[in-house]
Amino acid sequence: MEITDVSGVSPGLFIAGVIFITMIGSFLSMGVLRFFQLKKRQGGIYLGLSAVSFVTMVLVVNTWFSS
């Protein structure tokens with residue numbers, strides 16, 4: 001196992017990653033929870049929000065943090 005060098009990660013990229021990963025995970029878990037509670041409409045909305053958050057994260061990272 002090797003040590004990974006993360007010194008090239010800027011603070012802005014780290015903060016953006018933390019925020020978006022938290023949003024995506026929260027929406028995804030809420031969607032799954034709502035499906036188990038048989039609230040299909042709310043579950044679908046949360047899963048859709050998770051997908052929108054993922055697409056937004058990809059666009060933000062590609063736009064602001066590309067070399």
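Look up a bit, the structure's there.
Right, let's walk through the structure included here. All of these numbers come straight from a predicted model, not from anything done at the bench.

**What about the overall build of the protein chain?**
Part 1: What the protein chain contains, in helices and strands, is 2 helices and 0 strands.
Part 2: Its C-alpha atoms give the protein chain principal-axis dimensions of about 45 × 30 × 15 Å.
Part 3: Looking at the protein chain as a whole, 16% of its 67 residues are labelled buried.
Part 4: Sequence-distant contacts, at least 24 apart, represent 48% of the contacts inside the protein chain between residues at least 6 apart.

**Quick word on a nonpolar patch on the surface**
Part 1: Taken together, the side chains of Val-6, Val-9, Phe-14, Ile-15, Val-18, Ile-19 and Met-23 present a nonpolar region at the surface, about 620 Å² in accessible area.
Part 2: Mapped onto the secondary structure, Phe-14 falls in helix H1 (residues 11-36).
Part 3: Residue Phe-14 is classed as exposed on the basis of its relative accessible area of 54%.

**Some details on the packing of H1 against helix H2 (residues 40-64)**
Part 1: Contact geometry for H1 and H2: axes closest at 7 Å, N-to-C directions at 165°. The pairing of H1 with H2 is recorded here as roughly antiparallel in orientation. Regarding H1 and H2, the two cross each other, and that crossing is left-handed.
Part 2: Of the residues that constitute the contact of H1 with H2, the class distribution is 15 nonpolar, 7 polar and 2 charged.

**Focus on the side chain of Ser-53**
Part 1: Within the element layout of this structure, Ser-53 appears in helix H2.
Part 2: Not counting residues within four places of it along the chain, the set of residues in contact with Ser-53 comprises Phe-20, Met-23, Ile-24 and Phe-27.

About the criteria used
- Residues numbered from 1 in each chain as written.
- Predicted model: local features only at pLDDT ≥ 70, side-chain atom pairs only at ≥ 80, totals over all residues.
- Heavy atoms only, no water.
- Helix = DSSP H or I, 4+ residues; strand = E, 2+ residues; numbered from the N terminus.
- Buried < 20%, exposed > 50% of the residue type's maximum accessible area, 1.4 Å probe, protein only.
- Contact = heavy atoms within 4.5 Å.
- Patch = residues over 30% accessible without salt bridge, like charges linked within 9 Å, V, L, I, M, F, W, Y side chains within 5 Å.
- Areas by Shrake-Rupley, 256 points an atom, 1.4 Å probe, with all protein chains shown as cover.
- Salt bridge = Lys/Arg side-chain N within 4 Å of Asp/Glu carboxyl O.
- Axes fitted to C-alpha atoms, helices over the stretch in contact; angles between N-to-C directions.
- Parallel < 35°, antiparallel > 145°, perpendicular 65-115°, else oblique.
- Left-handed = near helix turned anticlockwise from the far one by under 90°.
- Nonpolar A, V, L, I, M, F, W, Y, C, P; charged D, E, K, R; others polar.

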